[in-house]
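As a plain string of letters, each chain reads:
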Amino acid sequence: MQRALDEDLAPALAAAIEGDPASFAVLWRALHPLVLRYLRVVCGDAAEDVASETWLQVSRDLSRFRGTSTAFRVWLFRVARHRGIDENRRAWRRHEEPHDAVDRLQASAVVPDVAAEVLEIADTDRAVGLIASLPREQAEAVMLRVVAGLDVAGTARVLGKRSGAIRIATMRGLRRLAEHPQIRDYRNAAAEDGRDES
């Protein structure tokens, strides 16, 4: 799916680099929802503002970008992550109440179906909330690998970690999600529906 998205975005990326605003809008429409979901995990309620800052920086720096559309997605999420970290630092310096998601994230070989179940249990906000309940490294790894569709190497570049650490964080995050009560309830309900149809 992500490979097809990258192939579809390649012409728009090339034109946007040359300054075409309509092509930049194509990139924004395709990738903004993914960026926003990722930022909800990184910086909670500030996600909308941070996403705006991310796209502003991307629009300023895009003419200097060189690479494929896959590399663009990696670069975009790296910019988003840095803007999210900056926002969390600003909030801390202002001595505001920390975002709930930040508190949850700092508190602490599953099949990919767990990720699909998380995304299917209800609306996107609830799914993002479940992922945000994971420890920070795991939450970011799951969001980038499963939701944003980055590969292990791309996720490692965004997070500044080694590929092995990304694989472990993703696996641990998916295992935790598999044990979450809402996921267990979802599985039990699906199993009962399967038996009722027999």
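Note that this is a predicted model, so its numbers are computed, not measured.

A. How the structure looks around the nonpolar core. Counting 50 residues, the largest nonpolar core has Tyr38, Leu39, Phe72, Phe77 and Ile131 as its most contacted members. Elements with a minimum of two residues in this core: helix H1 (2-17), helix H2 (21-43), helix H3 (47-61), helix H4 (69-93), helix H7 (124-132), helix H8 (136-147), helix H9 (152-159) and helix H10 (163-179). Per-element accounting of this core gives the leading share, eleven residues, to H2.

B. Focus on the pattern of salt bridges. According to the stated counting rule, one finds eight salt bridges in the structure shown. One salt bridge connects Glu140 with Arg136, and the closest N-O pair in it is separated by 3.2 Å. Taken together, the positions of Glu140 and Arg136, both in helix H8 and four residues apart, correspond to about one turn of that helix. By relative accessible area, which is 25% here, Arg136 ends up partly exposed. Here the salt bridges share partners, and the residues they tie into one network are Glu53, Glu87 and Arg90.

C. Structural detail: H8. Over its twelve residues, H8 runs 15 Å from end to end, which matches the ideal 16 Å to within 8%, given 1.5 Å per residue. Inspection of H8 places Gln138, Ala139, Glu140, Ala141, Val142, Met143, Leu144 and Val147 among the buried residues, and these make up the whole buried set. Looking at the residues trailing H8, positive phi occurs at Gly149, about 75°.

D. Fine view of the packing of H3 against H4. Relative to each other, H3 and H4 sit at 130°, their axes nearing to 9 Å. Here H3 is positioned oblique relative to H4, judged by the angle of their axes. In the packing of H3 onto H4, the handedness of the crossing is right-handed. From H3, Val50, Glu53, Thr54, Trp55, Gln57, Val58 and Asp61 reach across to H4, where they touch Phe72, Trp75, Leu76, Val79, Ala80, Arg83, Gly84, Glu87 and Arg90. Along the lines of polarity and charge, the residues of the contact of H3 with H4 split into eight nonpolar, three polar and five charged.

E. A look at the packing of H2 against H4. Where H2 contacts H4, the two axes come as close as 10 Å, and the packing angle between them is 40°. As H2 packs across H4, the resulting crossing turns out to be right-handed. Contact residues: Leu27, Leu31, Leu34, Val35, Tyr38, Leu39, Val42 and Cys43 in H2; Phe72, Arg73, Leu76, Phe77, Ala80, Arg81, Gly84, Ile85 and Asn88 in H4. Each residue belonging to the contact of H2 with H4 can be placed in one class, and the counts come to 13 nonpolar, two polar and two charged.

What counts as what
Residues numbered from 1 in each chain as written. Predicted model: local features only at pLDDT ≥ 70, side-chain atom pairs only at ≥ 80, totals over all residues. Heavy atoms only, no water. Core = buried A, V, L, I, M, F, W, Y, C linked by side-chain atoms within 4.5 Å. Buried < 20%, exposed > 50% of the residue type's maximum accessible area, 1.4 Å probe, protein only. Helix = DSSP H or I, 4+ residues; strand = E, 2+ residues; numbered from the N terminus. Salt bridge = Lys/Arg side-chain N within 4 Å of Asp/Glu carboxyl O. Expected span 1.5 Å × (residues − 1). Axes fitted to C-alpha atoms, helices over the stretch in contact; angles between N-to-C directions. Parallel < 35°, antiparallel > 145°, perpendicular 65-115°, else oblique. Left-handed = near helix turned anticlockwise from the far one by under 90°. Contact = heavy atoms within 4.5 Å. Nonpolar A, V, L, I, M, F, W, Y, C, P; charged D, E, K, R; others polar.

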